[in-house]
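Coordinate analysis (summary)
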There are 2 protein chains.
Amino acid sequence: MTELTGLMQDRPLQISAIIQHGARYSGQRQIVSRSGDGALSRYGYRDAEVRARRLAKGLERLGVRRSDRIASLAWNTHRHFEMFYGVPGMGAVLHTLNPRLWEEQLIYIANHAEDRVLMFDPDLLDLVTRLSPHLPSVEKYVLLGPREAAPPNCSLDLIAYEDLLADDDYDWPQFDERTASILCYTSGTTGMPKGVLSSHRSVVLHALAAQGATAFGLTAHETVLLVVPMFHAYGWSLPFISAMVGAKLVLPGAAPQADVIVDLIHDEGATLAMGVPTVWTGVFANLDATGRDLGQLRRALIGGSAMPSAMSRRLRDQYGVEPITGWGMTEMSPLGSFSSTTPELDALPEAERRQRLDTRAGRILFPVEVKTVAASGDSTSQDANAGGDIWVRGPTIASGYYKGEGGAMLDAQDWFPTGDVGVIDDDGAIAITDRVKDLIKSGGEWISSTDIERVAVECPGVTQAAAIAAAHPKWQERPLLLVTKAAGADVDAAAVLATLRVKLARWQLPDDILFVDELPLTATGKIDKKILRQNYSNYLIDAAAAADNGREREGRANER
Amino acid sequence: MTELTGLMQDRPLQISAIIQHGARYSGQRQIVSRSGDGALSRYGYRDAEVRARRLAKGLERLGVRRSDRIASLAWNTHRHFEMFYGVPGMGAVLHTLNPRLWEEQLIYIANHAEDRVLMFDPDLLDLVTRLSPHLPSVEKYVLLGPREAAPPNCSLDLIAYEDLLADDDYDWPQFDERTASILCYTSGTTGMPKGVLSSHRSVVLHALAAQGATAFGLTAHETVLLVVPMFHAYGWSLPFISAMVGAKLVLPGAAPQADVIVDLIHDEGATLAMGVPTVWTGVFANLDATGRDLGQLRRALIGGSAMPSAMSRRLRDQYGVEPITGWGMTEMSPLGSFSSTTPELDALPEAERRQRLDTRAGRILFPVEVKTVAASGDSTSQDANAGGDIWVRGPTIASGYYKGEGGAMLDAQDWFPTGDVGVIDDDGAIAITDRVKDLIKSGGEWISSTDIERVAVECPGVTQAAAIAAAHPKWQERPLLLVTKAAGADVDAAAVLATLRVKLARWQLPDDILFVDELPLTATGKIDKKILRQNYSNYLIDAAAAADNGREREGRANER
């Protein structure tokens, strides 16, 4: 008995097909891009596809072959957007680097990925010049701009991006949909970042899932202001979804400040904007200062960490903007769940409805399978209120890290332990209640407690160190370091900090360092972080409030 | 240089995963099913998944193996819904038969498919009893109901569906996503229907695409009244999409009349209902007679043929219901385009906006590629207003018919000629203007002109025959047959009709038969149907109007 194969076209899922679709059927819909000097440029998906094809041709002429890693060190601009299609479209691997990482990490990552070409924004030239002696695999440096954007006395042998785009005599190739497409490193529990290597299949499947009405629900009527960096978990897939459905896309360039974000919301008619909570904190401060509103904005996606309830309240009540959120990670392409309601939820009293919406991280999206596993090891996915470690599975979930870093990632049934702890309710919604891994989520970026501790104990006189996540008014969480010192040792916070500075990026440094007599231990002799979190999680907020009070008292004293 | 494969989970796309998702994350959302006696039953997706699994187990116990064809001859009910998951979920092929076909066609199709099991609704027992002597491959007959639903003196050896569902000790198997899943026959230009054999991959990809906000845009807030039969192009994929997003699904049972449809719209709170234009004509008549409205209905999908403008006007203006449409065919899984607007379209004056919306068949959906090829053979997909034969390509498009019927289906680049003629505009919307194939679309079902002509000339005395589509107030199109007779032959319309009756189903018979002296010929000596259509396409409407006038005159005469 032979098994029957469906008689359907064996066309592979390809990233290039998305931009071709955008070009053909939404060719005039705009992509707006803000450059370093604040100027806006705009063109349609049809032009973007032509330029992505020219990029592919240019890379081919440079000698780039299938599966070569092409790194981007770039902000949200139309050229980076073109790289999202041109690089994987030709069969090479787009490797998105995070310019905010510490230089040592960037060097490690680029060498680990063996990037052959590094393409970067003009404002990052100094950084790249410093990195370049340490990047033996990089053969070509491409400046994302016209030839004039390069300084005349540059020590790097630069190719201007616009010169690469000379020739459009190129047809998108077809190849196996499991071919690698995008490489994105993510910080894990310990050690250096590890690479998640997407396939064309996983990117296209994720975009199809996330365009649904139960997720982004994008249409041609939406204007997406992409504040979240494109190097951060594929820009939450929006460079792909927008082209797939023909939504207008606004790319705000390098590190847009709150006034720029508010300007773009108004001037470009943004209906959906997304960013980590700190972005929204900044926007609110700008609105307070200027008296402006949020224009036609309809939805604000608050991602990267839990949604602060004051933020969601203000969005709803003051601006009529629906706060939405999702849950995921680079290893999940990145979304596993997304804000959506049900008739049952909407039937609740409004206060309760909002409270439940804001505490959960959305409803689980097909084709992601999610289960919670209680400490006992039982899978409890079917039971309301039964929580535990969250495991995920599906064709948009990673199977391992690049070059096998970190060892086996999945269990025997392909389940991936996310490191988050949560519950799945009857609504199919997930709430994240804790995390297994010892990480601190600062403004949407992970900081490893273990990394901080490992370096801290290198400081002479320090005997033990424990870093925990402390609540922070701006960054949501910041590291707080508790240390014990050897009897009679002459070590202070400044010395510990100096040690940390050598190995860690500035943003990874703890906000405060406290010396304690001893650290609480668990029954098995490990440092009991649970107790530390109970005692110290509000330390930074309390300290800030005390400082404010001090200033206030001082102010009153001055008034007299 | 080895090529890099993405490090993503190699989980196959499986139809069973959709119902598992519905069960896990929308377990309480209802499926409402109307049985033959008009009674409604209701349960949740969680129950549906358990029963689909029990069905898979029951079939396994019957000896059904992977790739066996399991036929359904059934209306839209919860048991048919369970078959949509249980049969392909276990790796067998669900073969949806259309109970409205002529018995000779059903016999041909079931034998061609070599169905091993035939599962049918109780009201079709007589039909199945007549068919069964001609179905040598069918080993088991399953009555879709409890044991009591079978009459005591039935000549068939029946298994009751509910008895099959005894055991839920079953886990959904995993297998290659290209495995055949659903077999659905479709009438072509000539000859007997041909089988389209879906894969799991094509069904899941189509459902992911069609759940998007630019297509069905379904969420948990919608209640779908599925009037279109599930045996007709997979019920437009709604049995899959509804479970994927957790929408409430209302299955109205056998051939629901307009009053049943209006009752269900009101009683179940339907927000989306779909049917061919004749369904809506009936609904309007019911609303006129009863003075009712359309309750919470928000969208009415009018499929299967062009949207009559009077119908869309009435839906919008009288009931506040948005008329939507789509374009596709069984070979396309089935959708290629779907109603959605763009800012440019919505900026038009309302009359022009509506006119354009109603004349186009929606915007093209990723991952379907569509191009028009002018008579010259040039691909004109990029040019606004350049029209031609419509060709489609993509992973949801068929590559050939079952057992190779009809020969090669695609050109060398995988393009499939749809047989429709149309244009693609700047909006990415397609308008169907004509068809290449000589077909008549009557109430959503295809009738082959060639089949009618082939049989008609078997009638003694008939020399030539030409069937064309004539406009019809209820069925949109009905066949009109024009014939020439041999000199001195003694043949009349009744004789031709008698000949046709032997070989054609009742609904395939022409509405009128006209004897003409000669049929116009093209330069190459073929019958020139273009001229016939020009002269006769309003014949049935004019004849009906004349008859109405006659009745009206008669009425006035009676009044005197």
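Residues numbered from 1 in each chain as written. Chains lettered and ligands numbered in written order. Predicted model: local features only at pLDDT ≥ 70, side-chain atom pairs only at ≥ 80, totals over all residues. Heavy atoms only, no water.

**Topic: the overall build of chain A**
Heads up, the rule is: Only DSSP runs of H or I reaching four residues or more are called helices, and only runs of E reaching two or more are called strands; each is numbered from the N terminus. Based on C-alpha atoms, the radius of gyration is set beside the globule rule, defined as 2.2 Å times the residue count to the power 0.38. Residue burial is assigned from relative accessible area. The probe radius is 1.4 Å, only protein chains are included, and a residue is buried under 20% of its type maximum, exposed over 50%, and partly exposed in between. The contact criterion used is simple: two residues touch if any of their non-hydrogen atoms lie within 4.5 Å. A 1.4 Å probe and the Shrake-Rupley method give the accessible areas. Residues count as covered only by the protein chains that appear here. Charged residues are defined narrowly, with Lys and Arg counted positive, Asp and Glu counted negative, and His plus the chain ends left uncounted. Lysine's charge is taken at NZ, arginine's at CZ, aspartate's at CG and glutamate's at CD.
A tally of helices and strands in chain A yields 17 helices and 26 strands. Here chain A has a C-alpha radius of gyration of 24 Å; the compact-globule value for 560 residues is 24 Å, and the two agree. Taking the principal axes of its C-alpha atoms as reference, chain A extends roughly 70 × 65 × 65 Å. Counting over 560 residues, chain A shows a buried share of 60%. Considering only residue pairs separated by 6 or more positions, chain A has 67% of its internal contacts joining residues 24 or more positions apart. Carbon and sulfur atoms provide 48% of the accessible area of chain A, an area that totals close to 21,100 Å². In chain A, which carries 56 positive and 71 negative side-chain charges, the distance between the mean positions of the two groups comes to 2 Å.

**Description of the interface of chain A and chain B**
The test is simple: A simple way to read buried area is as the amount of 1.4 Å-probe accessible surface that goes missing from two parts once joined, with both sides added. Note on definitions: salt bridges are taken to be side-chain nitrogens of Lys or Arg within 4 Å of carboxyl oxygens of Asp or Glu. Side-chain atoms alone can form a polar contact between residues adjacent in sequence; in general such a contact is a pair of N or O atoms within 3.5 Å, and within protein one must be able to donate a hydrogen while the other accepts it. The nonpolar class holds Ala, Val, Leu, Ile, Met, Phe, Trp, Tyr, Cys and Pro. Asp, Glu, Lys and Arg form the charged class, and all remaining residues, Gly among them, are polar.
Every contact between the two is made by 84 residues of chain A and, on the other side, 85 residues of chain B. Buried area between chain A and chain B, summed over both chains or domains, comes out near 7,000 Å², and the portion from carbon and sulfur atoms is 52%. Taken together, the links from chain A to chain B amount to 12 salt bridges. For A:Arg201, the salt bridge identified is with B:Glu177, shortest N-O distance 2.7 Å. Across the contact surface, chain A and chain B share 50 residue pairs in polar contact (both at pLDDT 80 or more). Of all the elements, helix H7 (residues 200–210) of chain A adds the most residues to the side of chain A that touches chain B, at 6 residues. Classifying every residue of the side of chain A that touches chain B gives 36 nonpolar, 27 polar and 21 charged.

**As for helix H8 (residues 238–245) of chain A**
Residues and elements named next belong to chain A. Burial within H8 is extensive, with 8 of its 8 residues counted as buried. Those residues of H8 lying buried are Leu238, Pro239, Phe240, Ile241, Ser242, Ala243, Met244 and Val245. Backbone geometry just downstream of H8 places Gly246 in the positive-phi region, at approximately 75 degrees.

**Looking at empty space enclosed by the protein**
Residues and elements named next belong to chain A. Condition: Site definitions follow a grid-based scheme: protein atoms alone, a 1 Å grid, a 1.4 Å probe that fits but cannot get out for cavities, and for pockets an open set with protein on both sides within 12 Å along at least five of seven lines, plus lining residues having an atom within 4 Å of a point. Grid points are joined across faces, edges and corners, and a volume is the space filled by probe spheres set on the points.
Applying the stated criterion across every chain yields a total of 8 cavities of 30 Å³ or more. For the largest cavity, the lining is made up of 14 residues, of which Ser187, Thr418, Lys437, Leu439 and Trp446 are closest to its centre. Looking at the lining of the largest cavity, its residues break down into 4 nonpolar, 5 polar and 5 charged.

**Thoughts on the sheet that holds strand S10 (residues 223–226) of chain A**
All names here are of chain A. Counted only if it meets this: We call two strands paired when DSSP finds no fewer than two bridges between them. Working convention: axes come from line fits to C-alpha atoms, limited for helices to the stretch in contact. Angles between N-to-C directions cover 0 to 180 degrees.
Read from one edge of the open sheet, 7 strands run S2-S1-S11-S10-S12-S13-S14, paired in mixed fashion. The open sheet terminates on both sides in strands that have one partner only, identified here as strand S2 (40–44) and strand S14 (322–324). Taken pair by pair, the neighbouring strands of this sheet meet at an average axis angle of 20 degrees, ignoring direction. In terms of strand pairing, strand S1 (residues 30–34) meets S2 through 5 bridges, oriented antiparallel. When the bridges of S2 are listed, Ile31 appears paired with Tyr43. Against the sheet, H8 engages S10, strand S11 (248–251) and strand S12 (272–275), with an angle of about 165 degrees to S10. Set on the sheet, helix H11 (residues 309–319) makes contact with strand S13 (299–302) and S14; between it and S14 the angle comes to about 145 degrees.

**As for the relation of the copies chain A and chain B**
To keep it simple, the criterion reads: For this overlay, a least-squares fit was computed on C-alpha atoms, restricted to residues scoring pLDDT of at least 70 in both copies.
By a simple turn and slide, chain A fits onto chain B: the slide is 0.0 Å along the axis, the RMSD is 0.1 Å, and the turn is 180 degrees. Such a combination of turn and shift is consistent with a two-fold rotation axis. Every residue of chain A has its C-alpha some distance from the rotation axis, and the shortest such distance is that of A:Gly212, at 2.0 Å.

**Some thoughts on the pairing of strand S21 (residues 430–435) of chain A**
Residues and elements named next belong to chain A. Relative to S21, strand S20 (residues 416–424) runs antiparallel, the two sharing 5 bridges. Across the sheet, the residue bridging to Ile424 is Ile430, located in S21. Between S20 and S21, which follow one another and run antiparallel, lie 5 residues, and Gly428 among them has a positive phi close to 75 degrees.

**Some remarks on the pattern of salt bridges**
Applying the stated rule across the entire model yields 80 salt bridges over all chains. Notably, a salt bridge pairs A:Asp68 with A:Arg65, separated by 3.7 Å at the nearest N-O pair. A salt bridge links B:Arg11 to A:Glu369; the shortest N-O distance between them is 3.7 Å. Here B:Arg11, found in the segment before helix H1 (15–25), pairs with A:Glu369, found in strand S18 (residues 369–373), and the two come from separate chains.

**Re the side chain of B:Thr342**
Position of B:Thr342 relative to the elements: it lies in the loop between strand S16 (335–338) and helix H12 (343–346). Within the structure, the side chain of B:Thr342 is placed 2.8 Å from the side chain of B:Asp427, a separation counted as a polar contact. Other than its neighbours up to four places away in sequence, B:Thr342 contacts A:Arg29, A:Ala220, A:His221, B:Arg363 and B:Asp427.

**Observations concerning the side chain of A:Arg29**
Note that A:Arg29 resides in the loop between helix H1 (15–25) and S1. Classification of A:Arg29 as buried rests on a relative accessible area of 8%. There is a polar contact of 2.9 Å between the side chain of A:Arg29 and the backbone oxygen of A:Gly246. Excluding residues within four positions of it along the chain, A:Arg29 makes contact with A:Tyr43, A:Gly44, A:Tyr45, A:Ala220, A:Gly246, A:Ala247, A:Lys248, B:Thr342, B:Pro343 and B:Glu344.

**Digging into the confidence of the model for chain A**
All names here are of chain A. What counts here: pLDDT expresses, on a scale from 0 to 100, how confident the predictor is about each individual residue.
Mean pLDDT over chain A: 90, with 94% of residues reaching 70 or higher. Note on residues 381–385: pLDDT is under 50 here. Beyond four places in sequence and across chains, it has 10 contacts. Contacts for the low-pLDDT stretch residues 555–560, under 50 throughout, to residues beyond four places or in other chains number 0 contacts. For this predicted complex, the interface confidence reaches an ipTM of 0.88, while the overall pTM sits at 0.88.

**Considering the packing of H1(B) against helix H2 (residues 45–62) of chain B**
When two helices pack together, their arrangement is given by the angle between the helix axes and the distance between those axes. All names here are of chain B. For the record, the criterion: Each angle receives one of four descriptions, namely roughly parallel if under 35 degrees, roughly antiparallel if over 145, roughly perpendicular if within 65 to 115, and oblique otherwise. It is the rotation of the near helix from the far one that decides the hand of a crossing: anticlockwise by less than a right angle makes it left-handed, clockwise makes it right-handed.
Interaxial distance between H1 and H2 falls to 7 Å at its minimum, and their mutual angle equals 140 degrees. The angle between H1 and H2 places the two elements in the oblique class. For the element pair H1 and H2, the recorded crossing hand is left-handed. Residues Ile19, Gln20, Gly22, Ala23 and Arg24 of H1 form the contact with H2, whose participating residues are Tyr45, Arg46, Ala48 and Glu49. Taken together, the residues of the contact of H1 with H2 sort by class into 4 nonpolar, 2 polar and 3 charged.

**Let's talk about the sheet that holds S21(A)**
Residue and element names in this part refer to chain A. Across the sheet, 4 strands lie side by side as S18-S19-S20-S21; this open sheet has antiparallel pairing. Of all strands in the sheet, those with a lone pairing partner are S18 and S21, marking the two edges. When strand polarity is set aside, the average angle formed by the axes of neighbouring strands in this sheet is 45 degrees.

**What to know about unusual backbone geometry**
Residue A:Pro334 follows A:Ser333 across a cis peptide bond; omega there is 5 degrees. Position of A:Pro334 among the secondary structure elements: in the loop between strand S15 (326–328) and strand S16 (335–338). The peptide bond linking A:Phe366 to A:Pro367 adopts the cis configuration, its omega dihedral lying at 10 degrees. Although it is not a glycine, B:Ser237 adopts a positive phi angle of roughly 75 degrees. One can find B:Ser237 in the loop between strand S10 (223–226) and helix H8 (238–245). On the basis of relative accessible area, B:Ser237 is assigned to the buried category, the value being 1%.

**Examining the nonpolar core**
The test is simple: To form a nonpolar core, buried Ala, Val, Leu, Ile, Met, Phe, Trp, Tyr and Cys residues must be joined to one another through side-chain atoms within 4.5 Å.
Core analysis: the biggest nonpolar cluster contains 174 residues, and A:Met119, A:Phe216, B:Met119 and B:Phe216 have the highest contact counts within it. Those residues in contact with B:Met119 that lie beyond four places of it in its chain are B:Leu55, B:Leu59, B:Ile70, B:Ala71, B:Ser72, B:Leu73, B:Met83, B:Val142, B:Leu144, B:Tyr161 and B:Leu164.

**Focus on the packing of aromatic side chains**
All names here are of chain B. Formally: Aromatic contacts are taken between Phe, Tyr and Trp rings whose centres are within 6.5 Å, Trp giving its six-membered ring; a plane angle under 30 degrees counts as stacked, one over 60 as edge-to-face, and the others as tilted.
Throughout the structure, instances matching the rule amount to 18 aromatic pairs over all chains. Both rings, one in Tyr45 and one in Phe81, keep their centres 6.2 Å apart while their planes meet at 55 degrees; by these two values the pair is tilted. Of this pair, Tyr45 sits in helix H2 while Phe81 sits in helix H3 (residues 78–89), and the two are 36 residues apart along the sequence. Here the two residues Tyr45 and Phe81 agree in accessibility, since each one is buried. Here Tyr85 and Phe240 contribute two aromatic rings whose centre-to-centre distance is 5.5 Å and whose plane-to-plane angle is 80 degrees, an arrangement assigned as edge-to-face. A residue pair is termed long-range when its members are at least 10 positions apart, and Tyr85 in helix H3 and Phe240 in helix H8 qualify at 155 residues.

**Regarding the pairing of strand S8 (residues 180–186) of chain A**
Residue and element names in this part refer to chain A. Within S8, 7 of the 7 residues are buried, which leaves it mostly tucked inside the rest of the structure. Sheet topology note: the strand S4 (residues 93–97)/S8 ladder contains 3 bridges and is parallel. Within S8, the position partnered with His95 by the bridge is Leu183. Here 5 bridges tie S8 to strand S9 (residues 194–199), and the two strands are oriented antiparallel to one another. Bridging from a neighbouring strand, Thr186 pairs with Lys194 of S9.

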